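Residue strings, one per chain:
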Amino acid sequence: MDNRDYDDDLDENTELLPFPVEHKAKEKKTLFFIFLSALIISIGTIGLVSIWVKLTNGPEKRNVILMISDGFGPASETFARDYYQFVNGLSYDNVIPLDRIQVGSSRTRSADSLVTDSAAGATAFSCVKKTYNGAIGVDTDQTPCGTILEAAKAIGMKTGLVVTSRITHATPASFSAHVISREMEEIIATQQLGDYPLGRQVDLMIGGGRCFFLPNSTTGSCRSDDRDLIAEAKNSGFTYFSSRNEFDKIDPKSQSIPLIGLLTLDHMSYEIDRNPTDEPSLKEMSEKAIRILEKQTADSDKGFFLMIEGSRIDMAAHSNDPGAHVHDILAYNEAIDFVTKYVDDHPGTVVISVSDHETGGLTLALQTDYYEYPEYLWYPDVISRIKNSSYALSVELTKYWSNDRTEYIKDNILRNSLGISDFSDDEVNFLVANHTQQEYEIYMANLTSWRALVGWTTHGHTGVDVNLYAHGKNTNALRGNHENTYIGQFITKYLNLDPDSITLRLNSNNTFHKSTSNITNYNVDHLAHYHAGHIPRRT
């Protein structure tokens, strides 16, 4: 077949419809005036539209709310959805807030392992770099790397952190500090207040972890020195609060920044244990933070960057505690629901929700007898009867040694708190005997998991991809499967940030993040531990 273009057979002088020359000249002149008129009308229309847009909408202010569901994997979403449908009598096609904004998935490996920890996972988001497990805001060479929070601050944006863990824990630390080990929480605390080369970078912090801000002479302190960081914070201009009552009195319309709220000595309570009169929920803290940052940026063309973490989703999974896990997931979804509605009302705002990794290797269906083919089911009704976390109950057990301990365990722990009435003598005897707090905690978590046919493969992390969620302008770019560093890359581009310039500033003094790495006498025995080797290893 001849593939030549038929136009190739026509010479440049060939006329398909040979009009007289005079007619052709008139036609060209007419077409020119028609084109010119159309162009003038178009330019005028575009100009009017542009003016109208500017007058009605004003310049677009961009905000980014990055939400991190620590330890939340794909199975956990199914778990929470199934549970929510069951307890509320909803149909199988009812969805939870996260379901509505799922756009893809994120790969989680760190620079030195196929299974990441929270420090490397969060640093991948914050510094847009892969690093080693345990690293906080430093690269594989232990060199400080500029974070998207610091880069946002550098261009005049307001910044914030809201978490249910200690504010010095791995995820919030990775946005606001630079140390070679996540265990250096007392150093992280000083940097979060501005004691490092960049000065104060975080305008608002709400979470737990007061113990790392108290001098070692104070009951409950985790510090190895006598620095009173709360006093230092106040002296440098921070407004400080530490109670639910003080939290409730904060009026976003009049509250100044910087602001720091440390509501508990250690991590905040699991949602299943939370007393609303003592601690606000993640949704309440998120809403308060957003309203404050919104007010603080009202008269500026710069918006805010806020990182919100559902921290204790992960910790419940470390303990393989299905009751604590599902309630913290649902509390996170309540926060998601509020934030997505906020994005709808504020078109320049983007929300991204992602996990740093999956924890626990959760499975929905547990094979209890390896010699018989398993049934295809699991029982959400077992989970619905749980009233307290296994952690809270284990702490209770270590303190209760009265003569009626056996009956106390049967009635208060098993029947009333765990919803278990078919307990065996062996199960009761284990709880009556003297064990460590962690042994009690894991054992009780197993009691409910076994009965619900909820399986776990580890008390640590796994290497699976995690779901990626997003809502707002340009978030179609997040569709598909991405490396975790891409989340930080997207935020950098959306806000027009320059983290590399922050890296250069940080490394004008490249020893600050190592200067106290020899500390080994942290006072942390009274804290809840969820990761191996909480005390830094001697080198």
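Data block above holds the structure.
Calculation criteria
- Residues numbered from 1 in each chain as written.
- Predicted model: local features only at pLDDT ≥ 70, side-chain atom pairs only at ≥ 80, totals over all residues.
- Heavy atoms only, no water.
- Pairing = 2+ DSSP bridges.
- Helix = DSSP H or I, 4+ residues; strand = E, 2+ residues; numbered from the N terminus.
- Axes fitted to C-alpha atoms, helices over the stretch in contact; angles between N-to-C directions.
- Contact = heavy atoms within 4.5 Å.
- Phe/Tyr/Trp six-rings, centres within 6.5 Å; stacked < 30°, edge-to-face > 60°.
- Buried < 20%, exposed > 50% of the residue type's maximum accessible area, 1.4 Å probe, protein only.
- Lys NZ or Arg CZ within 6 Å of the ring centre and 35° of its normal.
- Disulfide = S-S within 2.5 Å.
- Polar contact = N/O pair within 3.5 Å; in protein donor to acceptor, adjacent residues only side chain to side chain.
- Parallel < 35°, antiparallel > 145°, perpendicular 65-115°, else oblique.
- Nonpolar A, V, L, I, M, F, W, Y, C, P; charged D, E, K, R; others polar.

## Focus: the sheet that holds strand S3 (residues 158–166)
Taken in spatial order, the 10 strands make up an open sheet running S5-S6-S4-S3-S7-S1-S8-S13-S2-S14, and their pairing is mixed. Each having just a single partner strand, strand S5 (239–241) and strand S14 (480–483) make up the two edges of the open sheet. The sheet shows a mean angle of 15° between the axes of neighbouring strands, taken without regard to direction. Where S3 and strand S4 (residues 204–208) come together, four bridges link them in parallel fashion. Looking at S4, one finds that Gly-160 is bridged to Leu-204. On the sheet, helix H9 (residues 282–296) packs against strand S1 (63–68), S3, S4, strand S6 (259–262) and strand S7 (304–309) and is oriented at approximately 165° with respect to S3. Running at roughly 155° to strand S8 (residues 349–354), helix H11 (residues 322–345) makes contact with S1, S7, S8 and strand S13 (466–471) of the sheet.

## Details of the packing of aromatic side chains
Within the structure shown, the criterion is met by eight aromatic pairs. Ring centres 6.5 Å apart and planes at 35° place the aromatic pair Phe-338 and Tyr-342 in the tilted group. In this pair, Phe-338 and Tyr-342 are both assigned in helix H11, four residues apart and thus about one turn of the helix distant. Each member of the pair, Phe-338 as well as Tyr-342, carries the same accessibility label: buried. Seen from the ring of Tyr-494, Arg-62 lies directly overhead, with NZ or CZ sitting 4.1 Å from the centre. Its guanidinium or amino end placed over the ring of Phe-238, Arg-200 lies 5.9 Å from that ring's centre, counting from NZ or CZ.

## A short note on the state of the cysteines
Applying the stated criterion across every chain, the model contains two disulfides. Note that Cys-127 is cross-linked by a disulfide to Cys-145, the S-S spacing being 2.3 Å. An S-S torsion of about 85° defines the bridge between Cys-127 and Cys-145 as right-handed. Of this pair, Cys-127 sits in helix H3 (residues 118–127) while Cys-145 sits in the loop between H3 and helix H4 (148–154), placing them 18 residues apart in sequence. Side by side, Cys-127 and Cys-145 carry an identical accessibility label, which is buried. A sulfur-sulfur separation of 2.0 Å characterises the disulfide bridge that pairs Cys-211 with Cys-222. Its torsion about the S-S bond being -95°, the disulfide of Cys-211 and Cys-222 is classed as left-handed.

## Topic: the side chain of His-461
Assignment of secondary structure puts His-461 in strand S12 (residues 461–462). Residue classification places His-461 among the buried residues on the basis of a relative accessible area of 14%. One polar contact links the side chain of His-461 to the main-chain carbonyl oxygen of Thr-116, over a distance of 2.9 Å. A polar contact of 3.4 Å, which involves the side chain of His-461, links it to the side chain of His-357.

## A closer look at the packing of helix H2 (residues 74–87) against H11
The N-to-C vectors of H2 and H11 enclose an angle of 85°; their axes lie 10 Å apart at closest approach. When the interaxial angle is binned, H2 and H11 end up roughly perpendicular. For the pair H2 and H11, the contacting residues are Ser-76, Phe-79, Ala-80, Tyr-83 and Tyr-84 in the first and Pro-322, His-325, Val-326, His-327, Ile-329 and Leu-330 in the second. Each residue belonging to the contact of H2 with H11 can be placed in one class, and the counts come to eight nonpolar, three polar and no charged.

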